[in-house]
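Descriptive structure summary
Listed here are the chains, written in short residue letters.
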Amino acid sequence: MSGMHRNRIKATGKEKRHNRFRLFFQLAAAALINGYAVGFTKGRIFTGKSKIVCVPVLNCYSCPGALGACPIGSMQAVAGGAKHNVSFYVLGTLMLFGALFGRLICGFLCPFGLVQDLLYKIPVRKLTMPKKVDKPLRYLKYLILVLFVILLPVVATNRFGIAPPYFCKYICPVGTLEGGIPHLLMNGELRKLAGVLFDWKVGVLVFVILGSVFISRFFCRYFCPLGAFYSLFNKFSLYQMNLDKTKCVGCKKCEKVCPMAIEVTKNLDSPECIRCGKCKAVCPVEAISSGVMIKRDTNNELGEEGE
C-alpha cells in the first residue's frame, strides 16, 4: 500500500440527501435481518420458521438477532454433508437476487457493508493500493468462493465423508463479529472453551477492521465470496447504471467518491461496482443514470427510463 488518497470535495445537497437515504436503507436492512432483539438479551439463537429462509447477504446464522440463514453458510453445510449435494434452493435464491440487482445488494442491504462504511468514516489519513497490487488482489475473493465455499467442503472431508464449513470456520469475519463475540460475552462457559481457532478468527476480524478504516470496502474488494458471486451478474442484471458520455465533462468527481475505486468514466458496469449511487449523486451534469433495464451505450440509447 502506498500513497495517501483522496481529494476531498465538498458535498452537495444532492449528495447529502443520497447519503442519508442510503444510510437509512442500510440501517433498516440490518435491523430487519437481525431483528430478534431477545437473542441479544438472553444469548440464544432464534429458531423460528424464518430461519430456514436464506437472506441475500452475508449474515451469520449464529448471530443472536439473525432471523434468517446465511447463504454462504447454507451452501457449505449442504455441500459438506455426507451426500455432497448442491443446494439448488440457495443457489437459485442467490441467482434470482443477482439477476435482479447485481451487487446493489452489497451497496444497500449488507450489514457488514454498513460496518465497513462506518469504519471508513473514522478520520484518519486513507491509503491507496497501487494498481499492480490492487488488480490481482481483487481476484482473491473469487479464489475464496471456489476453494473455501465450493471445493473444500466436497473434497476435504473426514472419515465419515463430512466437511466443516471452511469459509465460516476459518475466514468469515462476519461470523466472529455477529456470532462468536456476542455469544462469548454472554456465556461464561463458552469463554472457557474458546481456543486457538477463536484467536485466529479474532485476528482475521481485527485485520479486516483495520483494513476497512484505511481502505474503503476492504473486505468487499478483496475477500467476500458472496460479492464475488453477485459480481458475475452485474453486466446482466435488471438493475443497471449508465454513463452518458455525451454529457460527461470528465471532472472525475464520480471516481473520487467511488468506495470501490472504480474508473467510473471508463467502466461503470464493472463487476466491482456495488451500485451505491455515490457517483450519480455527485455528478454535476447528471450524466449517470440508474434504474431497471438501462441499456449501457456510449451514445446514450436507453432501453427503459432510468431514475
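For the structure, see preceding data.
The present account deals with the structure reproduced in this document. (Residues numbered from 1 in each chain as written. Predicted model: local features only at pLDDT ≥ 70, side-chain atom pairs only at ≥ 80, totals over all residues. Heavy atoms only, no water.)

So, a positive patch on the surface
There is a patch of like positive charges on the surface, built from K14, K16, R17 and R20. Mapped onto the secondary structure, R17 falls in helix α1 (residues 13-33). Overall, R17 belongs to the exposed group, its relative accessible area being 52%. (Patch = residues over 30% accessible without salt bridge, like charges linked within 9 Å, V, L, I, M, F, W, Y side chains within 5 Å. Areas by Shrake-Rupley, 256 points an atom, 1.4 Å probe, with all protein chains shown as cover. Salt bridge = Lys/Arg side-chain N within 4 Å of Asp/Glu carboxyl O. Lys, Arg positive; Asp, Glu negative; His and termini not counted. Charge placed at Lys NZ, Arg CZ, Asp CG, Glu CD. Helix = DSSP H or I, 4+ residues; strand = E, 2+ residues; numbered from the N terminus. Buried < 20%, exposed > 50% of the residue type's maximum accessible area, 1.4 Å probe, protein only.)

Description of the packing of aromatic side chains
Using the criterion set out here, one finds 16 aromatic pairs in the structure. A ring pair is formed by F219 and F223, whose centres lie 6.3 Å apart and whose planes are at 25 degrees; its orientation type is stacked. Between Y222 and F223, the aromatic rings sit 6.2 Å apart at their centres with planes inclined by 75 degrees, giving edge-to-face as the arrangement. Classification of Y222 by relative accessible area gives buried; the value is 1%. Accessibility expressed as a relative area gives 16% for F223, which makes it buried. Sitting over the face of the ring of F108, R22 holds its NZ or CZ atom 5.9 Å from the ring centroid. The ring of Y120 has K126 sitting right over it, with the charged end atom 4.4 Å from the ring centre. (Phe/Tyr/Trp six-rings, centres within 6.5 Å; stacked < 30°, edge-to-face > 60°. Lys NZ or Arg CZ within 6 Å of the ring centre and 35° of its normal.)

Considerations on the environment of G13
With respect to the helices and strands, the residue G13 is situated in helix α1. Residue G13 is classed as partly exposed on the basis of its relative accessible area, which comes to 38%. Considered as a pair, G13 and A281 are 268 residues apart in the sequence and their alpha carbons are 9.2 Å apart.

A look at the environment of N267
Relative to the helices and strands, N267 resides in the loop between α15 (253-257) and α16 (278-282). By relative accessible area, N267 is classed as partly exposed at 30%. For N267 and V57, which are 210 residues apart along the polypeptide, the C-alpha to C-alpha distance reads 25 Å. Contacts of N267, omitting those with residues within four sequence positions, involve K235 and I262. (Contact = heavy atoms within 4.5 Å.)

Let's talk about the side chain of S216
Along the polypeptide, S216 turns up in the loop between α12 (196-214) and α13 (218-222). Among the polar contacts listed, one links the side chain of S216 to the backbone oxygen of P259, at a separation of 3.0 Å. (Polar contact = N/O pair within 3.5 Å; in protein donor to acceptor, adjacent residues only side chain to side chain.)

Overview of the pattern of salt bridges
Where charged atoms from two side chains of opposite charge approach closely, those side chains can pair. Applying the stated rule across the entire model yields eight salt bridges. A salt bridge links K235 to D269; its shortest N-O distance comes to 3.6 Å. Residue K235 is found in the loop between α14 (225-231) and β3 (239-243), and its partner D269 is found in the loop between α15 and α16; the two are separated by 34 residues along the sequence. Three or more residues joined by partner-sharing salt bridges are found here, namely D134, R138, K141 and E272.

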